[in-house]
Amino acid sequence: MDRFHVVPDEEKAHPPDERRFFRVDGPEVDEEMTAIPYTYKEESSVKALSSDITQRKSFPGDLYRSREAIEALLNASTELAFLLDTRGNFIELNQAIAVKLGDSIERLRGTSAFDYIPRDVACYRRAQFEKVLRTGKSVRFEDERKGRIFDNSMCPVVSDDGRVEGVAVFARDITETKLAEQRVNLEKQKFQAIAEHGPCGMGMLDNQGTVIYLNPKFQEIMGYSLQDIPDEEHWFRAVHPDPAIRSKIYENWKRRLRRLAPGESASEILSVVCKSGNVKTISFKIMVLDSGERIISLEDITDRVAAERVLKESEQRYRRLFEDSPISLWEEDFSAVKSYLENLKGSGVTDFREYFEKNPDAVVECAGMVKVLDVNRATLDLYEADSKNELLQDLSKVFVKESLGGFREGLIRIAEGNTEFEAESVNVSLMGNLKHVSVRIIVAPGFEENLSKIIVAVLDITDRKRAEESLKASLREKEVLLSEIHHRVKNNLQIISSLLRLQSRNIPDPDYKRIFMESQDRVQSMALMHEDLYESRDLGNVDFRGYVNRLVNNLFLSYGIDQSRINFQSEIDRVSIGIDTAVPCGLITNELISNSLKHAFPHNGAGEIGVALKSTGEGRFELSVWDNGIGMGQGLDLEQAQTLGFRLVTTLTRQLRGKIVMDQGPGSRLIISFSA
């Protein structure tokens, strides 16, 4: 029989290697070793054929084929392996192909391999088979059968004289491998899509530490490209120029990496040097894949770290100010109160003032929802506590019944959306001492939505309240005293007025009698002023409108004027003026109204008189007295007037530091402007 060997991959197999072995039972054995190389997925493998050539060596030139060796080789393969003759019939095949075809090896020998596969697949495989026979070179191809994918290799079997006597076929089911490759490719595509457009720097290293990918964001953050850092050693040398620091970090890196199993990750914060020379703080993370490859990601957190450092310093300053403040400060959580108020709004409550007034128990319930988070040292002093723990948790220890009024006002303000307000309240210290306090509540910035952090400043106003009460008591005493003075002045003026009236009855001369009556009216106008002050709640200011109305009524009675004949018009604004201004204004009004009643309407004529007092702004006022009678005559100079009434008007105007203007229109009108 002729000797044969297999030549795959379009190259002839390595020349057979003949070796002699010594068997343990004595005789020497000659064997021929033939290597059959092939490649799958870029991985090279070798199949070996060993033949006992002792007999051949004993009979040179006798060629034969060792069927037993071929059968052993084929059965040793886990792939579908078989040997075909030049017609495509099975010469030898392994158990795997027999199971696949559903028959025994003995029954399959001599049958055509192409009869067991679909026509379209058979045509393609036969074409490849004939190509091997024709060219004497191996072929490799993939095809699909019944949803399974096979990797096929056909290698020529040649004799010593170079003739192709058959074809060795190896078929491997690679369906699962292909599906895994597709999944891997899909995952790689996803990774690349995420990496290319992601907000973080990302890269990939193979299991030898070689950098095989860097995304654009990585290069943007660090400035390095693949050429700059081809492997992890170059990376550490670039970002940690200091050898001492680099050595320490690199060793720690390798130690942590060795402890990572596939699927696990590790992260740390590093300070690194960029290609530009700038130092950045990055958040670095690495994950080990099942393949041994490593995915790295980094995020530039330089600004965040700086902001956190500033925030930490600010927080430290705040804590120092909080603790050292001489004012009692509380940190409180109103989030439960906020939820309670929102639920009330959802149930239709709109007027929270009315609701809490009708439901005082709801105020108590809300007070119990407030959590005290922290207090400062001044709070311990104010509320006579030995430690913070005595005041933390809730407000029940410092609240009394009188405290609920101020707290209710705070609830109303919070429900209305206010983030800052003040109120006065009453608290009690842990020793039972009542404290009058001024409370200022401020929602901490950033906590407006849930009110989980509220700063409460409490100022002890107990001494001020006591002083105010003392002052109010003293003021009440003075008001009583001043009221009594006004009453006595009014009585004294009434006595003088009565004396003048009694005296005037005994005066026969009409002119003298008129003088007494005018003096009586002047005294009466002042008495009326003090009477108003005595009856008023405000002892320092006079309601001028009410005063003038009463004054005019008295003058009408004094002169016996019928109000149906002369009409009085009052155009006085609702203003209150001090007694120092009211007395001269009242005397001026008395003189001018008296003058109009005596002279403006002779022969019992009818007409109108009026008084106006208006504020012209900036503390200035304008007093007008007019009538529509016969007027005062052309050329009247008030400064040169000889009558007592006009001289009194001029003097009182100067006392008010005012100016007097006389309107020479129909009737008479005097306008006095002054400051008060």
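This text follows the structure it describes.
Described in the following lines is the structure provided in the data block. (Residues numbered from 1 in each chain as written. Predicted model: local features only at pLDDT ≥ 70, side-chain atom pairs only at ≥ 80, totals over all residues. Heavy atoms only, no water.)

1. Quick notes on the pattern of salt bridges
When the charged atoms of two side chains lie near each other, side chains of opposite charge can form a pair. Taken as a whole and assessed by the stated rule, the structure comprises 38 salt bridges. The partner of K275 in a salt bridge is D228, and the shortest N-O contact between them spans 3.1 Å. Residue K275 is found in the loop between β12 (265-273) and β13 (279-288), and its partner D228 is found in the loop between α7 (216-222) and α8 (232-239); the two are separated by 47 residues along the sequence. One continuous salt-bridge network, built from bridges that share partners, spans R319, E323, D324, E331, D374, R377 and K388. (Salt bridge = Lys/Arg side-chain N within 4 Å of Asp/Glu carboxyl O. Helix = DSSP H or I, 4+ residues; strand = E, 2+ residues; numbered from the N terminus.)

2. Considering the sheet that holds β13
Strand order in the open sheet formed by 5 strands is β11-β10-β14-β13-β12, and the pairing between neighbours is antiparallel. Bordering the open sheet on either side are β11 (211-214) and β12, each of which pairs with just one other strand. Put simply, the sheet's adjacent strands are angled 25 degrees from each other on average, direction ignored. Looking at chain direction, β12 and β13 are connected through 9 bridges and run antiparallel. Paired with L270 across the two strands is I282, which belongs to β13. Strands β10 (201-205), β11, β12, β13 and β14 (294-300) of the sheet are contacted by α8, whose axis makes an angle of about 45 degrees with β12. (Pairing = 2+ DSSP bridges. Axes fitted to C-alpha atoms, helices over the stretch in contact; angles between N-to-C directions. Contact = heavy atoms within 4.5 Å.)

3. Brief notes about the sheet that holds strand β17 (residues 420-428)
Here 5 strands make up an open sheet; going across it, the order is β16-β15-β19-β18-β17 and the pairing antiparallel. Only two strands of the sheet have a single partner each, and these edge strands are β16 (371-375) and β17. Taking each pair of neighbouring strands and ignoring which way they run, the sheet shows an average axis angle of 30 degrees.

4. A short note on the side chain of D206
As for its position among the elements, D206 is in the loop between β10 and β11. No salt bridge is formed by the buried D206; its nearest oppositely charged neighbour, R294, is found at 5.3 Å. Within the structure, D206 has its side chain in polar contact with the backbone nitrogen of T210 (distance 2.8 Å). Residue contacts for D206: discarding those within four places in its chain leaves I212, G292, E293 and R294. (Buried < 20%, exposed > 50% of the residue type's maximum accessible area, 1.4 Å probe, protein only. Lys, Arg positive; Asp, Glu negative; His and termini not counted. Polar contact = N/O pair within 3.5 Å; in protein donor to acceptor, adjacent residues only side chain to side chain.)

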